[in-house]
Amino acid sequence: FQAEDGIRDHCVTGVQTCALPIYPNPAKDIIHLHSDTDISSIEISDITGNLVKTVPMTFSRDLEINISDIRNGLYFCRILSEDGKVVLKKLIVE
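Figured I'd write up the structure that's included with this text. Since the model is a prediction, treat every value here as computed from it, not as a measurement.

Attention now goes to the overall build of the protein. Tallying secondary structure elements over the protein gives zero helices and seven strands in all. When the 94 residues of the protein are sorted by exposure, 37% land in the buried category. Considering only contacts within the protein whose residues lie at least 6 apart along the sequence, 54% involve residues at least 24 apart. When the accessible surface of the protein is summed, it comes to about 5,600 Å², and 51% of that surface belongs to carbon and sulfur atoms.

Written out as structure tokens, the structure reads:
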């Protein structure tokens, strides 16, 4: 996936989790995620690498995350699956 802004979603380990969708994107208040494996943690960081949100997990495959407390801008979601795979996804908050 090549975005118009030149930033790619990146799968750090494990190719099959790279298809993990975050929607809607751009988003305003709520994002949804679906994974084929249980998600153990999600961290949202700004473009300078500062952690802005950590999402407590209950090992779920379908998640709804409230992002209304995050300012407009470009962010990166670091998603760790229960089996140790890490996926980095870009997120635009409007």
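Next comes the rest of the description.
In this structure, Leu33 and Ile42 are the most contacted members of the largest nonpolar core, which totals 19 residues. When contributions to this core are tallied by element, the ones reaching two or more residues are strand 3 (30-46), strand 5 (60-66), strand 6 (73-81) and strand 7 (86-93). Sorting elements by how many residues they give to this core places strand 3 first, with five residues. Leaving out residues up to four positions away in the same chain, Leu33 has contacts with Leu20, Pro21, Ile22, Ile42, Arg61, Asp62, Leu63, Ile65 and Ile79.

Rules behind the numbers
- Residues numbered from 1 in each chain as written.
- Predicted model: local features only at pLDDT ≥ 70, side-chain atom pairs only at ≥ 80, totals over all residues.
- Heavy atoms only, no water.
- Helix = DSSP H or I, 4+ residues; strand = E, 2+ residues; numbered from the N terminus.
- Buried < 20%, exposed > 50% of the residue type's maximum accessible area, 1.4 Å probe, protein only.
- Contact = heavy atoms within 4.5 Å.
- Areas by Shrake-Rupley, 256 points an atom, 1.4 Å probe, with all protein chains shown as cover.
- Core = buried A, V, L, I, M, F, W, Y, C linked by side-chain atoms within 4.5 Å.

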